[in-house]
Amino acid sequence: MSQHVFLSHRDSQRLFDALDRAGYQAQAPQPKDGALVFSPIRQASDLPWGQHDTQRPGHYRLSQDDSPRAFAWANGPQALKPQLFAPSEPLWQVARDADGKLRFQACAPKPQKRALIGVRPCDLAALAIHDAHFLGGERDGHYAARREGLLLVAVNCSHPAQTCFCVSTGDGPAAKEDSGYDLLLDELDDGFVIRAGSGAGEQLLAGLALEAATPGQLASAKGQQHQATQGQLRHLPDNMASALPNQMTHPQWDKVAERCLACGNCTAVCPTCFCHSEREQPALDGASSEHLREWDSCFSSGHSYLHGHLVRESGAQRYRQWLMHKLAWWPEQFGRIGCVGCGRCISWCPVGIDISAEAHLLCQGGEA
Amino acid sequence: MKMKPTVAVHKFSSCDGCQLAFLNAGEALVTLAGLVDIVHFAEAGYLDEEAKVDIAFIEGSVSTPHELERIKTIRENSAMVITIGACATSGGLQALRNMHDKDQWVEGVYALPEYIELLEDSRPISEFVKVDLELWGCPINTRQVVAAVRALLFGVLPVDEHDKVCQECKRQQHVCVMVAKDEPCMGPVTRTGCGAICPSVGRDCYACYGPAELPNTGAMARRLEGLGLTSEAIAQRFLFINNHAEAFREEAIKWQEQGQ
């Protein structure tokens, strides 16, 4: 196990310089349009110092105070998903050559060395699911290319939002040993306790030549992890695995559909949702075309349109598909539920539908 | 050599803005002119209103007795009729008069109202003749026209873009203006196609592309109420551009009645 070292806030630029020297383009969450979103960063001073998020169902607000911390917030609307599974990208192009023959060309992105700073434990858990989906079995070249050059600087959560429930999914607020980070940070008031989780992380830390973290610092980090665990208000039902699969005809589906806009915002911010559609985008002259892959959602009609028949016409059916896939059917596919407890679908639902509350209502009455 | 398909662009009651999707197309307009024969397009200088064509694009609503006659003739003369924009597909802004005393409005607007001859309502083209494809939007954009023409030239039906604006907005990774700023954004019930223009500049969508597929207007309206909008303001959010579209009109009427 790697040793814990300490990087003071005052010296935090050294980490950025080390990433720069190692050839990484760094990105970190920064305030933009009222939320923390991943943006390019070179200076530690551009970290979201003093930023806090207030999240409730259908509500997200940033505020700033003189807190000495850069990660005193839970999360923004994006996890790692948009970084790896592009919202819209061409898979291939086709053009007619001089002889009138069709020539196909793949358009895979080039691997790039990118460092993402401020990755949350729930994001790492979601990444592991996406890795299994996109790289296990049939390998997705586009995802693989973006994944290849990625360095993950994770930060354990000290300030979970009211919408967070990663404790109940087992994915946070502290990252697990083998969860795939290169560096893992615990932020204290005066700096970061850091440890490496990979060879690349070890190398970076070696270059920084930092002092070992003191027992007091380690205790503080543990203490705030415990506090973050205690502070979570939401959780999934304990009897979900046995009770939920039997609830396909529960009256709650119709009730939630009265509120659900079927807008798909939940699926777009969900770090584990991977549904997409593909379409052709031909040039007007008909001589060439791009084949696009775009994020789709089980809340769109196209998602269940088969041979002239719409399988899931109603909002109730679409919401049921989403929740049941995540919480009831996913274990068969991936060996775990498809929810990492990040709470994004709760905050970013325009009408504030709460997946954890819905799951409780559905599981009431137990094993029907 | 195979004959090029013939195209007409007809104008009814409208602001001419949707025709600009052709005229502002830039290079695509040159390409288009090589692919089809434009035989009638008054704003571009081609005049042959009675021509028989393969594709007739219709801008504007049917608001006058003369327009009612014209649309019937155009339908007879056209293999395919495609409406462009909110006026032609849902009656447009001018359909607001359908819910009011139109004579009073005409007297208020025109100096010599006796010269204005109107049907009782401003109505979309599809209420009078069969429409083969509707392109929604106020105004529509070049991308929509190009996609429709290209699909027809390939001999396939153009894709009906009826998903919600939110889907495109999220693909572009805009921060939700409703959740982060309490803006009364209509994206969750509004048809995509615009490219999520308003949220991209931090504004709320005002539903100019009309109702999306499966629009939960009731839930949308209650959310607007939660944001502090009055019954009248909620009705206006639905009525503004596509007031004659059934899903929006019905929801608006509920809130208007509640406000009285």
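Residues numbered from 1 in each chain as written. Chains lettered and ligands numbered in written order. Predicted model: local features only at pLDDT ≥ 70, side-chain atom pairs only at ≥ 80, totals over all residues. Heavy atoms only, no water.

Give me the lowdown on the packing of aromatic side chains, citing residues and values where you can.
Describing an aromatic ring pair means giving the distance of the ring centres and the angle of the ring planes. Residues and elements named next belong to chain A. Inspection of the entire model under this criterion finds 18 aromatic pairs over all chains. Ring geometry for phenylalanine 85 against tryptophan 295: centres 6.1 Å apart, planes inclined by 40°, an arrangement best described as tilted. On the criterion of sequence distance, the pair formed by phenylalanine 85 in the loop between helix 2 (81-84) and strand 6 (88-96) and tryptophan 295 in strand 13 (residues 288-295) is long-range, its members being 210 residues apart. The exposure class of tryptophan 295 is buried, given its relative accessible area of 5%. Among the aromatic side chains, those forming a connected cluster through ring pairs are Phe85, Phe134, Tyr143 and Trp295. Lysine 113 extends its terminal NZ or CZ atom over the ring of tyrosine 24, reaching a point 4.7 Å from the ring centre. (Phe/Tyr/Trp six-rings, centres within 6.5 Å; stacked < 30°, edge-to-face > 60°. Helix = DSSP H or I, 4+ residues; strand = E, 2+ residues; numbered from the N terminus. Buried < 20%, exposed > 50% of the residue type's maximum accessible area, 1.4 Å probe, protein only. Lys NZ or Arg CZ within 6 Å of the ring centre and 35° of its normal.)

Would you mind going over the domain arrangement of chain A in detail, with residue names and values included?
Residue and element names in this part refer to chain A. For chain A, the assigned domains are domain 1 (5-230) and domain 2 (240-363). When each unit is reduced to the centre of its C-alpha atoms, the spacing between domain 1 and domain 2 is 25 Å. Opposite the 43 residues of domain 1 that make contact, domain 2 presents 38 residues. Across the domain 1 to domain 2 interface the summed buried area is about 3,400 Å²; carbon plus sulfur atoms make up 58%. When the buried area of domain 1 at its contact with domain 2 is split by residue, Lys81, Ile129 and Phe165 rank highest and sum to 18% of it. For the pair domain 1 and domain 2, the interface holds 4 salt bridges. One salt bridge connects aspartate 140 with arginine 293, and the closest N-O pair in it is separated by 2.7 Å. Elements with a minimum of two residues in the side of domain 1 that touches domain 2: strand 4 (51-56), strand 5 (59-64), helix 2, strand 6, helix 3 (121-135) and helix 5 (166-169). (Domains from an automatic or database assignment. Contact = heavy atoms within 4.5 Å. Buried area = accessible area lost by both parts, 1.4 Å probe. Salt bridge = Lys/Arg side-chain N within 4 Å of Asp/Glu carboxyl O.)

Quick rundown of the interface of chain A and chain B? Include the residues and the values.
On the chain B side, the residues contacting the 43 residues of chain A number 30 residues. For the pair chain A and chain B, the summed buried area comes to about 2,900 Å², and 58% of that belongs to carbon and sulfur atoms. There are 2 salt bridges connecting chain A and chain B. Two residues, Asp182(B) and Arg61(A), come together in a salt bridge whose shortest N-O distance is 3.1 Å. Connecting chain A to chain B are 17 residue pairs in polar contact (both at pLDDT 80 or more). The set of elements that each furnish at least two residues to the side of chain A that touches chain B consists of strand 3 (35-40), strand 5, helix 9 (252-259), helix 10 (265-269), strand 13 and helix 11 (315-334) of chain A. (Polar contact = N/O pair within 3.5 Å; in protein donor to acceptor, adjacent residues only side chain to side chain.)

Run through a nonpolar patch on the surface, naming residues and quoting values.
All names here are of chain B. Taken together, the side chains of Val109, Tyr110 and Ile116 present a nonpolar region at the surface, about 280 Å² in accessible area. Structurally, the position occupied by isoleucine 116 is in the loop between helix 5 (102-109) and strand 5 (133-135). Judged by its relative accessible area of 30%, isoleucine 116 is partly exposed. (Patch = residues over 30% accessible without salt bridge, like charges linked within 9 Å, V, L, I, M, F, W, Y side chains within 5 Å. Areas by Shrake-Rupley, 256 points an atom, 1.4 Å probe, with all protein chains shown as cover.)

Account for the pairing of strand 1 (residues 5-8) of chain A, naming residues and giving values.
Residues and elements named next belong to chain A. Here strand 1 shows no split at all, with Val5 and Leu7 on one side and Phe6 and Ser8 on the other all buried. For strand 1 and strand 11 (residues 191-196), the ladder comprises 4 bridges, and the chain directions are antiparallel. Each residue of the ladder has a partner; that of valine 5, found in strand 11, is isoleucine 194. (Pairing = 2+ DSSP bridges.)

Explain the sheet that holds strand 1 of chain A to me, using residue names and the numbers behind them.
All names here are of chain A. A sheet is described by the order of its strands in space; here 7 strands give the open sequence 1-11-10-9-8-2-3, paired in mixed fashion. Either end of the sheet is taken by a strand with one partner, and the two such strands are strand 1 and strand 3. Strand-to-strand, the axes of this sheet are offset by a mean angle of 30°, without reference to chain direction. Strand direction decides the pairing type here: strand 8 (residues 114-119) and strand 9 (residues 150-155), joined by 5 bridges, are parallel. By the bridge assignment, leucine 116 is partnered in strand 9 with leucine 152. Sheet contacts for helix 1 (residues 13-21): strand 1, strand 2 (25-32), strand 8, strand 9 and strand 10 (183-188); angle to strand 8, the most-contacted strand, approximately 155°. This element, helix 7 (residues 215-230), spans strand 1, strand 10 and strand 11 of the sheet and lies at about 90° to strand 10. (Axes fitted to C-alpha atoms, helices over the stretch in contact; angles between N-to-C directions.)

Tell me about the domain arrangement of chain B, and please be specific about residues and values.
Residue and element names in this part refer to chain B. Per the domain assignment, the segments of chain B are domain 1 (6-154) and domain 2 (165-259). On a C-alpha basis, the centres of domain 1 and domain 2 stand 25 Å from each other. Contacts between the two partners involve 21 residues from domain 1 and, on the opposite side, 16 residues from domain 2. Its largest share of buried area at the contact with domain 2, domain 1 owes to Met99, Trp136 and Cys138, together 42% of the area lost on that side. Counting across the interface, domain 1 meets domain 2 through 0 salt bridges. The interface formed by domain 1 and domain 2 includes 11 residue pairs in polar contact (both at pLDDT 80 or more). Residue assignment for the side of domain 1 that touches domain 2 shows that the elements contributing at least two residues are helix 4 (86-90) and helix 6 (142-154). In terms of residue class, the side of domain 1 that touches domain 2 is built from 10 nonpolar, 8 polar and 3 charged. (Nonpolar A, V, L, I, M, F, W, Y, C, P; charged D, E, K, R; others polar.)

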